[in-house]
Structures are given as structure tokens and as C-alpha cells.
Amino acid sequence: MSASQTSDVPTLLVKIFGKDRPGITAGLFDTLAAYSVDVVDIEQVVTRGRIVLCALVTQPSAGLEGDLRATVHSWADSMRLQAEIISGIGDNRPRGHGRSLVTVLGHPLTAESTAAIAARITSTGGNIDRVFRLAKYPVTAVEFAVSGTETEALRTALATEAAALGVDIAVVSAGLHRRAQRLVVMDVDSTLIQDEVIELFAAHAGCEEQVAEVTAAAMRGELDFEQSLHARVALLEGLDASVVDKVRSEVRLTPGARTLIRTLKRLGYQVGVVSGGFTQVTDDLRERLGLDFAQANTLEIVDGKLTGKVTGEIVDRAGKARLLRRFAAEAGVPLAQTVAIGDGANDLDMLNSAGLGVAFNAKPVVRQAAHTAVNVPFLDTVLYLLGISREEVEAADSQEN
């Protein structure tokens, strides 16, 4: 029976709740089957061992509704469950135009912040159709399915709420594209890894403080990146090339980085990195992590020494966005299906060009400009923004092992 055929048909909403155990769903529908009713809708939730099962079914033949009610209540009593049956007409009311998925990350997620988020959704004209927990650790991640308001308006409204509440909120348009193949491209320094690679080189050259000062100013957007790059690299002139291997061994992956990449690859996503750092490190990361794409600047080495110069095309702010588009074209993925992750001003063009731009523990100017922000130190929390639950991650890990 189609939705149009049930629009004015008498229906019964059968609600069952109580302690969960195997066989409840089968038992309810076995009971209903005796009355030849059609199933219009089903919803079931289990929380801390308590089940709420709702079945919307067509009304039975004339004169049998009372018997159905009595039989369902009798069955529920035998299972030590409670039952409620409500008469009505037709299916659920249609959802409003505009479908969005709102992912909330809390560490912890408080009742106060949840109330404020729900109220702000309502204030935009949105209706919460469904709520689902994606993860309980290392953060609590909850997804709201919202209808009745446009995604951009909802994202704007909730961005202010997120900053005030100290939670991370991502708003994306709902639809089949959520599970379509995607390309994920991330920055390297202070995103994929915990370090600034040029500062690791500078430590071996004895000019760490000078380099760090220029790096900080560039990441705040106070200096032109290309000029600052040349100024910092010049300080490395004369450094022995053997330092490259030492720096590679010193690089520390961000917590959750391996899990993020491993899970994305298992799901068929393509993953790449773009960096204002150096190919001497990103090529190694590409091999170690199985990345599909990697691009960075290249330190010039002559006669076993760093010359203090870089060669080839400079990967700067505009270059990162250009590389995102290039990778997407090579991967055969529409730009709207790309995800970019970064932390500095140098990443802004890339974040704004992607279908979803994620500011990861970013500077204030980046958090304000990106589509969403993640402010916990676990890179794999980005998976939740893509609708991938912790249970799915763990299931994939167990199958691999």
C-alpha cells in the first residue's frame, strides 16, 4: 500500500516499551499477523536495556479492533511489557522541505547544551525527526535529522550556538550523497601530525625560535605565506641532508589519525594531504599511511646539504585549494563530495572550496570561516561528521583483525 493510499485510511499506532530481550519484535508482529493488518511504519529504539517499539499498522477488519487491542495487551503482559494503542488516520505527517543532518560533538555533551541546540533548531522553523547516537567515546557524538528549514540557515544559526556552548556542531544536507564515495584532503602540520615540520628541521639547525616566530605570524594570516616560507627555509642553509631521516622519525601522528585514514580507506574513500611543509616528510607519510595523494614544497638539496631554498611549485593558501580541485578531478569525485581538514589561515581557501570544510583545533579566524569546527584532540572524530559511528569503526577493525 503506497503512502497516498494510506493518507486517509484508519490506522493504529501500537507502542511497546519495557525491558529488552530477544524475540519482542517478532512476537509483536506475530500477534498482529493474526488480524491481517498492513505495516505502514516501524520505529525501534533500545537505550540501556529498555526498548521502545512503535508499529503503525492499518486498522483490522470491522469489529476486530477491540479483539486486537485485548490480544496485544495480553501478549505484552506475558512478556512483562507495557502496551499503548492509539487510533488515528493515515501515515505520519509529511516532513517539511529542507532536510539536514546536525552532528553534535560534546566532551561531555550536557543536558543544557542539548536543550539549547534543540531550541535553536526549533527557532529556525526546523523539526527534529530523529536522534541517533554515533559515539560515546572519546567524545559523545549525536546526530539529529532535521526537516523544515534550509541547511545554510540552520548552519548559520547553530554556529553561534556552538561557540557559546563549547560544543562542535556540523550541519550538512541530508541525502544519498552522505554515503557516496568521497575524497578527504587534509593539511599535515598540526592536523595530520602534531608537529610543525619546519620547526623540527630548525631544531637541528639551532634556529628554532626564529622559525617558530615567523610560522606563528604566517598561520595567523599576518604574513604572506610564500615570503615567510622562503625566510624560514633560508635559515636551514647548510644543514646536512641526513637530518631528513631524523625529522621523519620525530614526526608524531595526531591521535586518531591512523583510525581516520584506515576507516576511510576501508569504506572506499580516497584520502590525500596537502602541505606547506616538505615532500621529504609527506612522501614518507604517503607510503606509511597508504594515502592516495600527497603534495608539498620540496627542500632543495645539493651535495648532501640543504641549500636554504625550495624547488618547484609553491604550495601556499591558493595552492592548497588548487590541489584539492586537482585531486578531486583525478579521483573522479565532484568537488561537492570533498572534505577538507585544516587548522591555519593557509588552509582557508581549501576549506571554503570543499563540500565540507572542517577546522581542526584551529585558529579563531579559521574556526569562524570554516563550515564546522572540531575542538577535541582526536582526528578520528571527523568520521562522526560523515555519519560513521564508533560501532562501525570497531566492526571494521575486528574484521581486519
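Please read all numbers here as calculations on a predicted model, not as lab measurements.

Conventions adopted
Residues numbered from 1 in each chain as written. Predicted model: local features only at pLDDT ≥ 70, side-chain atom pairs only at ≥ 80, totals over all residues. Heavy atoms only, no water. Axes fitted to C-alpha atoms, helices over the stretch in contact; angles between N-to-C directions. Helix = DSSP H or I, 4+ residues; strand = E, 2+ residues; numbered from the N terminus. Parallel < 35°, antiparallel > 145°, perpendicular 65-115°, else oblique. Left-handed = near helix turned anticlockwise from the far one by under 90°. Contact = heavy atoms within 4.5 Å. Nonpolar A, V, L, I, M, F, W, Y, C, P; charged D, E, K, R; others polar. Pairing = 2+ DSSP bridges. Expected span 1.5 Å × (residues − 1). Buried < 20%, exposed > 50% of the residue type's maximum accessible area, 1.4 Å probe, protein only. Core = buried A, V, L, I, M, F, W, Y, C linked by side-chain atoms within 4.5 Å. Salt bridge = Lys/Arg side-chain N within 4 Å of Asp/Glu carboxyl O.

Undergrad: Can you walk me through the packing of helix α6 (residues 197–205) against helix α9 (residues 243–250) in this structure?
TA: Contact geometry for α6 and α9: axes closest at 10 Å, N-to-C directions at 130 degrees. Considered as vectors, α6 and α9 are oriented oblique to each other. Helix-helix and strand crossings are classified by hand; for α6 and α9 the assignment is right-handed. Across from Val197, Leu200, Phe201 and His204 in α6, the residues of α9 making contact are Val243, Val244, Lys246, Val247 and Glu250. Taken together, the residues that form the contact of α6 with α9 break down as six nonpolar, one polar and two charged.

Undergrad: How should the sheet that holds strand β5 (residues 99–106) be read in this particular structure?
TA: Sheets are built from strands that pair by backbone hydrogen bonding, the pairs being arranged parallel or antiparallel. Taken together, four strands build an open sheet; the order of strands is β6-β7-β5-β8 and the sheet is antiparallel. Of all strands in the sheet, those bounded by a partner on one side alone are β6 (127–135) and β8 (168–173). The mean inter-strand angle of the sheet, taken between neighbouring strand axes irrespective of direction, is 20 degrees. Direction of pairing for β5 relative to strand β7 (residues 140–147): antiparallel, over a ladder of eight bridges. Residue pairing for β7: arginine 99 is matched across the bridge by serine 147. The strands touched by helix α5 (residues 151–165) within the sheet are β5, β7 and β8, with β8 carrying the most contacts at an inclination of about 180 degrees.

Undergrad: Just checking my understanding: could you explain the sheet that holds strand β2 (residues 39–47) for this structure?
TA: Spatially, β2-β3-β1-β4 is the arrangement adopted by the four strands of the open sheet, whose pairing is antiparallel. Each edge of the open sheet is held by one strand with a lone partner, namely β2 and β4 (81–89). The mean inter-strand angle of the sheet, taken between neighbouring strand axes irrespective of direction, is 10 degrees. Here eight bridges tie β2 to strand β3 (residues 50–58), and the two strands are oriented antiparallel to one another. Its bridge partner being in β3, valine 39 is matched across the sheet by valine 57. This element, helix α2 (residues 24–33), spans β1 (10–19), β2, β3 and β4 of the sheet and lies at about 25 degrees to β3. On the sheet, helix α3 (residues 65–78) packs against β1 and β4 and is oriented at approximately 155 degrees with respect to β4.

Undergrad: I tried to follow α5 on my own but got confused; where do I start?
TA: Turn by turn, an α-helix covers 3.6 residues, leaving residues three or four places apart pointing in a common direction. Look at α5: 20 Å from first C-alpha to last across 15 residues, which is about the 21 Å you get at 1.5 Å a residue. Among the residues of α5, those classed as buried are Thr151, Leu154, Arg155, Ala157, Leu158, Glu161 and Ala162. Where α5 is buried, its residues touch β5, α4 (111–123), β7 and β8. In the segment just after α5, glycine 166 is the residue with positive phi, at about 75 degrees.

Undergrad: It is not clear to me how the nonpolar core should be interpreted in this structure. Could you clarify?
TA: The tendency in soluble globular proteins is for nonpolar side chains to be buried as a group. The biggest cluster of nonpolar side chains holds 63 residues, and the ones touching the most others in it are Met186, Leu192, Phe201, Phe278, Ile341 and Leu379. Here this core gets five residues from one element, more than from any other, and that element is α6. For isoleucine 341, the residues in contact, after removing those within four places along its chain, are Val184, Val185, Met186, Asp187, Thr191, Leu260, Met350, Leu351, Val358, Phe360, Leu379 and Val382. Ranked by size, the runner-up nonpolar core spans 21 residues in total, among them Val185, Val333, Met350 and Ala373.

Undergrad: What is the right way to read the pairing of β7 from this model?
TA: In regular strands, side chains alternate between the two faces of the sheet. Within β7, seven of the eight residues are buried, which leaves the element mostly enclosed by the surrounding structure. Summarising the sheet, β6 and β7 pair through seven bridges and their orientation is antiparallel. The residue of β7 that forms the bridge with alanine 135 is alanine 141.

Undergrad: Is there a simple way to think about the pattern of salt bridges in this case?
TA: Between side chains of opposite charge, a pair can form as their charged atoms come close. Per the stated rule, a full pass over the model turns up 17 salt bridges. A salt bridge links lysine 15 to glutamate 84, with the nearest nitrogen and oxygen atoms 3.6 Å apart. With lysine 15 in strand β1 and glutamate 84 in strand β4, this residue pair connects regions lying 69 residues apart in the sequence. The salt bridge partner of lysine 320 is aspartate 187, with a shortest N-O separation of 2.9 Å. With lysine 320 in helix α12 (residues 317–331) and aspartate 187 in the loop between β9 (183–186) and α6, the pair connects residues that are 133 residues apart, well separated along the chain. For lysine 320, a relative accessible area of 2% corresponds to the buried category. Via salt bridges that share partners, Asp187, Lys320 and Asp347 belong to a single interconnected network.

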